[in-house]
Amino acid sequence: MVTCSREGGRCGVNSAVTALMKYNYSAGTNIGPVSETQQVMFRGLTFVLNAFTLRFVSKEIIGVVNVRLTLLYSTVVFLAREAFRRACLSGSTEQNWTQVINLLWLTVPVGALWSVMLGWVWLCLLEVPDPAGTPHYEVGVLLFGLSAVVELLAEPLWVLAQAHMFVRLKVIAESLSIIVKCLLTVLLVLLVPHWGLYIFSLAQLAYTSFLVLCYVLYFVKFLGSQEAEKSSFPLSRVRDLLPKCTRDKPVVNWRLAKLTWSFFKQSFLKQILTEGERYVMTFLNVLNFGDQGVYDIVNNLGSLVARFIFQPIEESFYIFFAKVLERGKQAKQQNTDDVTMAAAVLECLLKLVLLIGLTITVFGYAYSHLALDIYGGSLLSSGSGPSLLRYYSLYVLLLAVNGVTECFTFAAMSKEQVDRYNFVMLALSASFLSLSYFLTQWQGSVGFILANCLNMTLRIAHSVRYIQGYFSHSSSRPLAGLLPSPALLLVFLGSAGLTALSEVLLCCDSGWISRLVHIAVGAVCLLAVLITAFFTETKLVHFIRTQYLSRYTKKGM
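Note that the structure is predicted; figures quoted are calculated from it, not measured. (Residues numbered from 1 in each chain as written. Predicted model: local features only at pLDDT ≥ 70, side-chain atom pairs only at ≥ 80, totals over all residues. Heavy atoms only, no water.)

Moving on, we get to the nonpolar core. Among the nonpolar cores identified, the biggest contains 145 residues, and Trp-122, Tyr-215, Phe-219, Phe-317, Phe-321 and Phe-408 are the most heavily contacted of them. In terms of residue count, the dominant contributor to this core is helix H14 (residues 336–376) (20 residues). (Core = buried A, V, L, I, M, F, W, Y, C linked by side-chain atoms within 4.5 Å. Buried < 20%, exposed > 50% of the residue type's maximum accessible area, 1.4 Å probe, protein only. Helix = DSSP H or I, 4+ residues; strand = E, 2+ residues; numbered from the N terminus.)

What follows concerns helix H6 (residues 137–152). Here H6 is 16 residues long and its end C-alpha atoms lie 23 Å apart, about the 22 Å a rise of 1.5 Å per residue gives. Of all 16 residues in H6, 12 are buried; the element is thus mostly enclosed. Those residues of H6 lying buried are Tyr-137, Gly-140, Val-141, Leu-143, Phe-144, Gly-145, Ser-147, Ala-148, Val-149, Val-150, Glu-151 and Leu-152. Where H6 is buried, its residues touch helix H3 (59–89), helix H5 (107–125), helix H7 (155–163) and helix H9 (197–222). (Expected span 1.5 Å × (residues − 1). Contact = heavy atoms within 4.5 Å.)

Moving on: the layout of surface pockets. What the second largest pocket holds in volume is close to 540 Å³. In terms of lining residues, the second largest pocket is bounded by 21 residues, among which Val-305, Ile-360, Gly-364, Ala-371 and Leu-389 are the most central. Mapped by element, the contributors of at least two residues to the lining of the second largest pocket are helix H13 (289–324), H14, helix H16 (385–412) and helix H20 (512–536). Ranked by residues supplied to the lining of the second largest pocket, first place goes to H14 with eight residues. Its residues assigned to classes, the lining of the second largest pocket shows 16 nonpolar, five polar and no charged. (1 Å grid on protein atoms, 1.4 Å probe; cavity = no way out; pocket = protein on both sides within 12 Å on 5 of 7 lines; lining within 4 Å. Points joined across faces, edges and corners; volume = space filled by probe spheres on them. Nonpolar A, V, L, I, M, F, W, Y, C, P; charged D, E, K, R; others polar.)

Under the defined criterion, the tally for this structure stands at 10 salt bridges. The closest approach of N and O atoms between Arg-81 and Glu-151, which form a salt bridge, is 2.9 Å. With Arg-81 in helix H3 and Glu-151 in helix H6, this pair connects stretches of sequence that are 70 residues apart. In this pair, the class of Arg-81 matches that of Glu-151, namely buried. Its salt-bridge partner being Lys-351, residue Glu-537 comes within 2.9 Å of it at the nearest N-O pair. Of the two residues, Glu-537 is situated in the loop between H20 and helix H21 (538–556) and Lys-351 in helix H14; the sequence distance between them amounts to 186 residues. The exposure class assigned to Glu-537 is buried, which follows from its relative accessible area of 8%. (Salt bridge = Lys/Arg side-chain N within 4 Å of Asp/Glu carboxyl O.)

Attention now goes to the packing of H14 against H20. Contact pair H14 / H20: the axes reach a minimum separation of 12 Å and the direction vectors enclose 160°. Regarding the angle of H14 to H20, the classification is roughly antiparallel. Taken as a pair, H14 and H20 cross one another with a handedness that is left-handed. For the pair H14 and H20, the contacting residues are Thr-359, Phe-363, Ala-366, Tyr-367, Leu-370, Asp-373 and Ile-374 in the first and Trp-512, Arg-515, His-518, Ile-519, Val-521, Gly-522, Cys-525, Leu-526 and Val-529 in the second. Looking at the contact of H14 with H20 residue by residue, the class counts come to 11 nonpolar, three polar and two charged. (Axes fitted to C-alpha atoms, helices over the stretch in contact; angles between N-to-C directions. Parallel < 35°, antiparallel > 145°, perpendicular 65-115°, else oblique. Left-handed = near helix turned anticlockwise from the far one by under 90°.)

Turning our attention to the confidence of the model for the chain. It should be kept in mind that the predicted coordinates are not to be read in detail where pLDDT is low. Averaged over every residue, the pLDDT of the chain is 81; the share at 70 or more is 85%. For residues 1–35, every residue scores under 50 in pLDDT, and the model assigns this stretch 54 contacts once sequence neighbours within four places are set aside. Residue range residues 552–557 is modelled with pLDDT below 50. Its contacts to residues more than four positions away, or to other chains, number two contacts. (pLDDT = per-residue confidence, 0-100.)

This part takes up H13. Here H13 is 36 residues long and its end C-alpha atoms lie 49 Å apart, about the 52 Å a rise of 1.5 Å per residue gives. Helix geometry: H13 is bent most strongly at Phe-310, by close to 40°, with proline Pro-312 lying one to four residues after it. A side-chain oxygen of the first residue of H13 lies 3.1 Å from the backbone nitrogen of Gly-290; this N-cap is Asn-288. (Bend = angle between axes of the 7 residues up to and from the residue. Polar contact = N/O pair within 3.5 Å; in protein donor to acceptor, adjacent residues only side chain to side chain.)

Structure follows, in structure tokens:
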């Protein structure tokens, strides 16, 4: 039975956390947990190596590599394999894997065809960078297209690994490949900086080659081992991984082939919407290559918070809401205790991400210039970089709120409502592309972030409307208590003023003493925010405590 305490504001939270933790520790026990420490270590090393590289190359080269050439690579890979992956992973576990592998090997010639066609577009139809500032562009196009085809050689192995839940293989193979790419990039930048695009093209080819090698070596060792026999793995020899004819059955499963074609027709639109910003930059020439490079770096830096903090929250609590609530039914049609529990958790989650987002927005304004200068030197801290990161800190706030509201919405909606919302998302994505073009004409690279903010605001409004309707006939009001306490808002406002003043007074001097004083001012303000939140947001503090203690108590048991 769910109890409610007015003093602690703990209605439903204990039950909700208990239910979530039971799910987290009961699901996936057969696949082996992937070490979080390993992932953080790999990402941290990559982050440091990239920061080092930025001090030795021009922002024009960064723009060509991170936007133009990476877009070629991602487009070839996506169009060649996405439909095959979705079709083959949606089949039954009892399917004939010889036919599946035969079908998956078609990704290689399909990828080669896309690589040739799109390579011609990149070389003949798009603006070619100035050879004096960005040498060897043609070779870059060739090697990035080749690296896409090389990666497709591992596609049958990747699908096998995913279908049989080899989670650790995927994480370790990709992490090690990224480290190889970064180390080779740093080495070439130090030894032969005049090579230009050769450096990044060879590093990209090394990345895909090492990735394929990791999968090949793993399956060569795994097939025929006792572990494979115990797990009833459908293949027993290495040559079973190669395409071959079957006597009594067709070469490929034609049902899967037709399903692949159906998914393939959707791939174009999905890819355009996924990489919309880069397509606008590449085909409409709204930014020069230098501005493209700075925007891409700032975008990657800003999205780190979303990947490390908000994405795990969304994924975990989507599962929780989906288990607690019956999909497609309004709150009045469901168990009252379950609805109260879900509402309590939703309110705490929204308050949590709102406060994290506000903190990033408040401190992001005063520390964007310093952060970019430390990370990439004058390449990033001069020009539009600091303004971009300041706007992006506001976008992170909207991103945080939208992640939780859509997390609940998608878990509670019926299939028909989800299908209708997909059309809404399609319209919003199309409007985003249009807004991106017009706003960049007006505000430069900041226009992309403004377009993202407007798009995210519309998505939040749609989700808030759904949540209000969902709880309209219930006593629960998860959106009613989102506004932070007046004391906390006052501390946020004071912190914004003090840190902004500190930046004006101290950061005009580039010495490290001034920077350290500026950082100290920010640390004191942040401490004041945390202390105020601890004493005023008691309900949220209890929720965080319960989550943390429940998780580590369970691990200890």
